[in-house]
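Overview (structure and organization)
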Amino acid sequence: MKIIKTPLKKKDISRLKTGDEILLSGFIYTARDQAHKRLYEALKQGKNLPFDLQGAVIYYCGPTKTPKGKIIGSCGPTTSSRMDEFTPLLLRAGVRAMIGKGGRSKEVIGAIKKYKAVYFLTYSGCGALLSKYIKDNRCVAYKDLGPEAIYRLEVEDFPLIVGIDTNGRCVYKIL
Amino acid sequence: MRSISANTISSVVMRLCKEANLYLRNDVLSALKYAYLKETNKRAKAILMAIIENARIARLEELAICQDTGMPVVFVEIGQQVRIKGDLKSAINKGVKAGYQKGNLRNSVVTDPLSRGASKYIPAVIHIDFVKGDKLKLTVLPKGFGCENKSSLKMFKPTAGWFEIKKFIIQTVKDAGADACPPYIVGVGIGGTADYATFLAKKALLRKLNAKPYTLYAKLESNLLKEINKLNIGPMGLGGRTTALAVNIEAYPTHIAGLPVAVNISCHALRSAALVL
């Protein structure tokens with residue numbers, strides 16, 4: 001088990017190998033389909049972004065409404081491949097890590113290698129369990145998107161498995 | 001005639017939405033525990049344990065089992081001697097909305113498939129069937145789209161054999177791979193028309209995982225399950241013998257010229273709740 005903290009430095013992630021189990025602490029940003037579309041378009045048009053992508057960790061997640069007295073609702077990962085077409089540009093803009101579930105396209109794997117980023121998996125279909133690792137939750141952009149808005153989550157020992165490492169090795173191909 | 005009011009229907013649907021999304025079905029939980037005992041891959045075992053723990057936390061803390069609380073699908077079986085006082089469909093949608101709001105469930109429904117629009121709780125997809133008697137059965141199945149996106153339909157030739165059909169079903173599971181939250185529950189609809197086969201595939205997910213009511217199909221189901229569990233997809237797609245927890249097949253007579261087969265995959269969080277009024 002390796003422990004890492006945000007902001008992720010290049011040397012932190014270059015030592016991670018596909019299949020490694022990780023505990024992540026620090027800040028991560030949720031973004032799924034519609035938020036990706038907006039970030040992508042903003043980047044293409046050279047507009048300002050709602051948060052700094054440099055070294056950012058993006059979590060493909062759209063949580064349920066936060067119940068009274070809790071920090072967040074259920075918050076597991078959604079299928080990563082739907083974000084594939086937007087991912088290379090986000091990686092070029094500085095995103096350093098992504099958290100989701102399932103496989104990625106060849107283009108994404110190529111971009112991960114090129115920009116020395118990392119793709120993590122976390123327990124899929126376990127949104128109630130994962131909510132226990134979240135210490136703070138605030139909406140930072142696109143509030144109108146509801147569950148698809150961007151939330152900044154503070155996580156502590158969030159459980160991850162390296163799905164694709166900086167060398168582009170994919171966990172599903174080495175089983 | 002027996003009268004049932006729209007208000008009663010709304011409040012039952014409301015309860016069922018919460019129940020389905022917060023409390024994992026007992027048959028699914030038992031299948032997960034059984035799979036945990038039989039699994040030999042260390043990582044797969046640990047993931048199955050996390051899934052079981054997730055269900056425990058969800059129940060205890062009244063949190064949704066999964067953040068994708070689905071497109072709500074409601075099955076209605078109306079006895080012919082039942083008279084509904086009020087509008088049935090609006091009563092169901094009113095219940096769904098209230099249940100999702102009170103249960104802090106996610107608004108995952110967009111009003112138009114192309115222009116999308118803001119996320120809402122409703123409308124639900126509603127299937128209505130008339131049956132004998134004076135009872136009314138309501139079933140809520142919140143269907144997440146990670147797995148719904150992996151559904152498939154194939155119109156086989158009437159001369160196709162089981163071997164070809166089996167290949168198609170297994171290929172659908174392979175294509176779902178790690179994406180749709182394995183271990184899966186595989187719903188299969190065979191026969192009828194294109195639309196009816198897909199309906200049956202979805203309906204098959206409502207049947208208890210250990211219930212095997214059709215002798216002929218029970219054999220095919222257990223054979224398919226064995227083959228699927230040789231794929232080494234495993235929990236989270238990271239390997240292991242637990243790729244599916246069950247295969248449920250529903251069949252119906254079909255046309256001399258055809259043989260429709262539909263597959264509806266469910267993630268491990270197969271959620272549904274029902275009540276007979």
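Our subject is the structure that appears above.
These notes cover the structure that comes with them.

Procedures and definitions
Residues numbered from 1 in each chain as written. Chains lettered and ligands numbered in written order. Predicted model: local features only at pLDDT ≥ 70, side-chain atom pairs only at ≥ 80, totals over all residues. Helix = DSSP H or I, 4+ residues; strand = E, 2+ residues; numbered from the N terminus. Rg over C-alpha atoms; globule rule 2.2 N^0.38 Å. Buried ≥ 20, exposed ≤ 12 C-beta atoms within 10 Å, placed from the backbone. Contact = placed C-beta atoms within 7 Å. Nonpolar A, V, L, I, M, F, W, Y, C, P; charged D, E, K, R; others polar. Pairing = 2+ DSSP bridges. Axes fitted to C-alpha atoms, helices over the stretch in contact; angles between N-to-C directions. Expected span 1.5 Å × (residues − 1). Arc of directions from axis to C-beta.

**A few points about the overall build of chain B**
From N to C terminus, chain B includes 8 helices and 12 strands. Relative to a compact globule of 277 residues, whose C-alpha radius of gyration would be 19 Å, chain B shows 19 Å and is just as compact. Scored against the burial criterion, the 277 residues of chain B give a buried share of 46%. Contacts in chain B between residues at least 24 apart in sequence constitute 82% of all its contacts with a sequence separation of at least 6.

**Comments concerning the interface of chain B and chain A**
Each partner contributes residues to the interface: chain B has 36 residues there, and chain A has 31 residues. Secondary-structure elements contributing two or more residues to the side of chain B that touches chain A are α3 (42-61) and β5 (116-120) of chain B. Ranked by residues supplied to the side of chain B that touches chain A, first place goes to α3 of chain B with 8 residues. Across the side of chain B that touches chain A, the residue classes break down as 17 nonpolar, 13 polar and 6 charged.

**Section: the sheet that holds strand β10 (residues 244-254) of chain B**
Residues and elements named next belong to chain B. Spatially, the 4 strands line up as an open sheet ordered β8-β11-β9-β10, and their pairing is mixed. In the strand order of this sheet, the two ends are held by β8 (152-156) and β10, each with one partner. Ignoring which end each strand starts from, the neighbouring axes of this sheet average 15° apart. Of the strand pairs in this sheet, strand β9 (residues 184-192) and β10 are connected by 9 bridges, and their pairing is parallel. For Gly-189, the partnering residue across the bridge sits in β10 and is Glu-250.

**Quick word on unusual backbone geometry**
For the bond running from Thr-6 of chain A to Pro-7 of chain A, omega is -5°, close enough to zero to count as cis. Along the chain, the position of Pro-7 of chain A falls in the loop between β1 (2-5) and α1 (10-14). Note the cis peptide between Pro-182 of chain B and Pro-183 of chain B, where omega equals 5°. Secondary-structure assignment places Pro-183 of chain B in the loop between α6 (162-176) and β9. Look at Asn-232 of chain B: it is not a glycine, yet its phi comes out positive at around 60°. Along the chain, Asn-232 of chain B turns up in the loop between α8 (215-228) and β10. According to the C-beta neighbour criterion, Asn-232 of chain B is partly exposed, with 14 such atoms within 10 Å. Within the chain, Met-236 of chain B stands out as a residue other than glycine whose phi angle is a positive 60°. Within the secondary structure, Met-236 of chain B is located in the loop between α8 and β10.

**Some thoughts on α6 of chain B**
Residue and element names in this part refer to chain B. Taking 1.5 Å as the rise per residue, α6 with 15 residues should run 21 Å; its terminal C-alpha atoms sit 21 Å apart, in good agreement. Listed as buried for α6 are Ile-169, Thr-172, Val-173 and Ala-176. Down the axis of α6, the smallest arc covering the buried residues is 95°, so these residues share one side. Residues of α6 that are exposed and point more than 90 degrees away from the buried face comprise Phe-163, Lys-167 and Lys-174.

Just geometry here; none of it tells us what the structure is for.
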